[in-house]
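Observations on the three-dimensional arrangement
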Amino acid sequence: MPDPASSLPFPTAVAWVQSVLSPRLQPGHVVVDATAGNGHDTLFLTRQVLPGGHVYACDLQESAIVSTRARLLSHEVSEQDFTLIQSSHHELEQHLPAALRGHIQSFMFNLGYLPGGEKALITCTESTLQALAFAFEWLAESGVLSIVAYPGHEGGHQEAAAVEAWSSGLSPNDCEVQKMAFLNYRPTTPFGIVIRKRRWEPKNRD
Ligand SMILES: C[S@@+](CC[C@H](N)C(=O)[O-])C[C@H]1O[C@@H](n2cnc3c(N)ncnc32)[C@H](O)[C@@H]1O
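Residues numbered from 1 in each chain as written. Predicted model: local features only at pLDDT ≥ 70, side-chain atom pairs only at ≥ 80, totals over all residues. Heavy atoms only, no water.

**Describing the packing of helix α4 (residues 125–138) against helix α5 (residues 156–168)**
Between α4 and α5, the shortest axis-to-axis distance is 10 Å and the interhelical angle comes to 30 degrees. With respect to α5, the element α4 is oriented roughly parallel. The two elements α4 and α5 cross, and the hand of that crossing is right-handed. Here Thr 125, Thr 128, Leu 129, Leu 132, Ala 133 and Phe 136 of α4 lie close against α5, whose contacting residues are Gln 158, Glu 159, Ala 162, Val 163 and Trp 166. For the contact of α4 with α5, the residue count by class is seven nonpolar, three polar and one charged. (Axes fitted to C-alpha atoms, helices over the stretch in contact; angles between N-to-C directions. Helix = DSSP H or I, 4+ residues; strand = E, 2+ residues; numbered from the N terminus. Parallel < 35°, antiparallel > 145°, perpendicular 65-115°, else oblique. Left-handed = near helix turned anticlockwise from the far one by under 90°. Contact = heavy atoms within 4.5 Å. Nonpolar A, V, L, I, M, F, W, Y, C, P; charged D, E, K, R; others polar.)

**Observations regarding the sheet that holds strand β2 (residues 54–59)**
What the seven strands build is an open sheet, ordered β3-β2-β1-β4-β5-β7-β6; its pairing is mixed. Looking at strand neighbours, the two that pair on one side only are β3 (82–86) and β6 (175–180), the edges of this open sheet. With strand direction ignored, the average angle separating the axes of adjacent strands in the sheet is 10 degrees. Where β2 lies against β3, five bridges are found, and the strand directions are parallel. Across the sheet, the residue bridging to Val 55 is Phe 82, located in β3. Packed on one face of the sheet, helix α3 (residues 62–74) meets β2 and β3 and runs near 165 degrees to β3. Sheet strands touched by α5: β5 (139–149), β6 and β7 (191–197). Its angle to β7, the strand with the most contacts, is close to 25 degrees. (Pairing = 2+ DSSP bridges.)

Keep in mind that these numbers describe shape and distance, not what the molecule does.
Pasting the structure below:
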């Protein structure tokens, strides 16, 4: 009888970012899914922060908003515990309460296109970088920003490289950054990045 534990494959990029977020989230936290898609990550977030918390989920496409709402309701998530925003994530500031600035415990970005949806509506380098900068600014101290990047589709390689360069350029004084990638798979395999904002420490002036 083979030992099932020994045949466990390594996590996918999506599973890996969720495994990093999960122990760092708790009921009462406010979090944002910046690419709601079919709502899998949004549902994951509701399971971490409810009761007491709130999940904001954003997507450009109406079909993604419809699909995310259906998924949450079918899992008995109450309408009052989430807010769906049909917008580009680089304009999220217009849709989030200003009081949440610096208090959002997590932002999830799962880039690319909606599986089964409109492939022309993919995330784009420029708006993704703007949205990431906004997310990092609005993240709580010790909050985590996660990204899954897809170098495989058209434009995806450029976007993934830009996201990696942006993340690598963040100061270690401000945050810690990790990447998870399969080194012996095709270079188009999705990879994950997690960024944990450091707690602000007042400088000792003595
Ligand atoms: C890979 S899917 C997300 C998967 C999703 N997290 C899930 O769990 O099902 C990427 C999503 O990003 C959305 N998207 C593309 N550009 C966007 C933008 N500028 N702002 C917000 N969402 C965007 C697409 O419509 C698509 O639904």
